[in-house]
Structure formats: C-alpha cells, structure tokens
Amino acid sequence: MKHGPGWVIFEERNLSGDRRLLSVLSPRKNQQFVVQFMQQLYVDRFATIANRLAFKKSSSNYPLEPMQDRFYPIIHVGHNPFFVGIRALDLRLTDNVLEFTYKIATDTSDPFHPVYEPRSQSIVVDG
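Throughout this description, residue numbers start from 1 for each chain and increase along the sequence as written. Residue-level local features of this predicted model are given only where pLDDT is at least 70; pairs of side-chain atoms are given and counted only at 80 or more, and the full residue set underlies all totals for whole chains, interfaces and linings. Remark: hydrogens and water are excluded; side-chain values derive from all non-hydrogen atoms of the structure.

## A few points about the overall build of the protein
- Helix and strand definitions here come from DSSP, where helices need a minimum of 4 consecutive H or I residues and strands a minimum of 2 consecutive E residues; each element is numbered from the N-terminal end. Counting its secondary structure elements, the protein contains 2 helices and 7 strands.
- Along the protein, from the amino end to the carboxyl end, the secondary structure elements read β-β-α-α-β-β-β-β-β.
- In terms of principal-axis extent, the alpha carbons of the protein reach across some 40 × 40 × 30 Å.
- Counting every atom, the protein has about 8000 Å² of accessible surface; 51% of that belongs to carbon and sulfur.
- Charge counting follows a simple rule: Lys and Arg are positive, Asp and Glu are negative, and His as well as the terminal groups are ignored. Lysine's charge is taken at NZ, arginine's at CZ, aspartate's at CG and glutamate's at CD. Measuring between centres, the 15 positive side-chain charges of the protein sit 8 Å from its 13 negative side-chain charges. Surface accessibility in these figures is a Shrake-Rupley result with a 1.4 Å probe; residues are shielded only by whichever protein chains are displayed.

And the structure:
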C-alpha cells in the first residue's frame, strides 16, 4: 500500500549492518525539526544521565552534531550506532517491509544545477 512522502528515521550499525526503523514523520516537518527529534532520540537511548542533563540544559554543549546533505535532506546523527533520517518521496508498506524511494545528488559540480539519481531502500518492520 502506498503512503506518499515522509521522513524515515532508522538506526544503523557500522559493523553488523543491522538496521531498525525508529520512526516515520510527516513530510510537513522541516529539516531542523527532524534534526532536533533525531538528536533527542539519540540522547535518550545512548547518553549517560549526566549527558542527558547537559543536553537538556544546552544542546549545543553536547557534541552531537548532525551531518546533513547540502543538496537533499539526508541526516546522520551519532556514531556507532548512528541514526539516519531521509526525506522519502514515496513510502510503500508491503506486509512487514517498508520500502521508500528518495533521491541523492550525484553531480554537484554546478551547485545551481545538481544532478540527482533516484534510490530506494527497504527495512523490515517489527509488528
């Protein structure tokens, strides 16, 4: 079943390559909201209580800078594991598999006219 566009946020681990869906957000959410959501989620899961309190007091004091694509909204937060946020153009749920398509810039030599290529991924969803 097709569900249109949306933000897909998942956790990925470098060594094992395991991925787990964390959230799907409205496409109406702007990139800064998604960054803040991902940072808070990451801190809640992996930070010590002292770091959680430091982040609550001032998120700029906690070293959790996102990496963002300048040409298309793809966000990375954290280290290993890390969270990935992608603004998907189309979401499709088939049984327990979420498939999503998005685009990435493959040629940015002319920043006013970057060349994009479509990509797709799928994630098995728990219940």
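Next comes the rest of the write-up.
## Section: the nonpolar core
- Ranked by size, the top nonpolar core spans 16 residues in total, and within it Ile9, Val34, Met38, Ile75, Val77 and Phe83 carry the most contacts.
- Considering each element in turn, this core owes the most residues, 6 residues, to helix 1 (residues 31-46).
- In what follows, residue pairs with any heavy atoms lying within 4.5 Å of each other are defined as contacts. Once residues lying within four places of it in the same chain are set aside, the contact partners of Ile75 are Trp7, Gln31, Val34, Val35, Met38, Pro66, Met67, Gln68, Phe83, Val84 and Gly85.
- The definition of a nonpolar core used throughout is a set of buried Ala, Val, Leu, Ile, Met, Phe, Trp, Tyr and Cys residues joined through side-chain atoms within 4.5 Å. A 1.4 Å probe rolled over the protein chains alone gives each residue an accessible area, and that area as a share of the maximum for its type sets the label: buried under 20%, exposed over 50%, partly exposed in between. Within the second largest apolar cluster, 14 residues are counted, among which are Phe10, Tyr72, Ala88 and Phe100.

## Things to note about the pairing of strand 5 (residues 82-94)
- Summarising the sheet, strand 1 (residues 2-12) and strand 5 pair through 9 bridges and their orientation is antiparallel. Residue pairing in the sheet places Gly4 in a bridge with Leu91 of strand 5.
- Note: two strands are recorded as paired if DSSP finds a minimum of 2 bridges between them. Taken together, the 5 bridges between strand 4 (residues 74-78) and strand 5 define a ladder with antiparallel strand orientation. By the bridge assignment for strand 5, His76 is matched with Val84.

## Notes on the side chain of Glu11
- Its location among the elements puts Glu11 in strand 1.
- Accessibility expressed as a relative area gives 5% for Glu11, which makes it buried.
- What Glu11 contacts, discounting residues up to four positions off in sequence, is Asp18, Arg19, Arg20, Leu22, Arg45, Phe46, Pro81, Phe82 and Phe83.

## Focus on the confidence of the model for the protein
- pLDDT measures the predictor's confidence residue by residue and takes values from 0 up to 100. Summing up the model confidence of the protein, the mean pLDDT is 89 and the portion of residues at 70 or higher is 97%.
- Confidence scores differ between elements of the protein, with strand 3 (residues 67-68) showing the lowest mean pLDDT of 82 and strand 5 the highest of 95.

## Some thoughts on helix 1
- To estimate the expected span of a helix, count its residues, drop one, and scale the result by 1.5 Å. Its 16 residues give helix 1 an end-to-end C-alpha distance of 22 Å, which sits within 8% of 22 Å, the value for a rise of 1.5 Å per residue.
- The set of residues buried in helix 1 consists of Val34, Val35, Met38, Gln39, Leu41, Tyr42 and Val43.
- Buried-residue contacts for helix 1 involve strand 1, strand 2 (19-25), helix 2 (49-57), strand 3, strand 4 and strand 5.
- Here a polar contact means two N or O atoms within 3.5 Å. Within protein one must be a hydrogen donor candidate and the other an acceptor candidate, and residues neighboring in sequence count only if both atoms are side-chain atoms. At the N-terminal end of helix 1, a side-chain oxygen is found 3.2 Å from the backbone nitrogen of Gln32, two or three residues along, and the residue is Asn30.

## A word on the packing of aromatic side chains
- Aromatic rings from Phe, Tyr and Trp, with only the six-membered ring used for Trp, were paired whenever their centres fell within 6.5 Å, and each pair was classed as stacked if the ring planes differed by under 30 degrees, edge-to-face if by over 60, and tilted otherwise. Following the criterion strictly, the structure yields 7 aromatic pairs and no others.
- With 6.3 Å between their ring centres and 45 degrees between their planes, Phe10 and Phe100 make a pair best called tilted. Taken as a pair, Phe10 in strand 1 and Phe100 in strand 6 (residues 97-107) lie far apart in primary sequence, 90 residues in all.
- Taking 6.0 Å as the distance between ring centres and 55 degrees as the angle between the ring planes, the aromatic pair formed by Phe46 and Phe83 counts as tilted. Of this pair, Phe46 sits in helix 1 while Phe83 sits in strand 5; the two residues are 37 residues apart in sequence, bridging distant segments of the chain.

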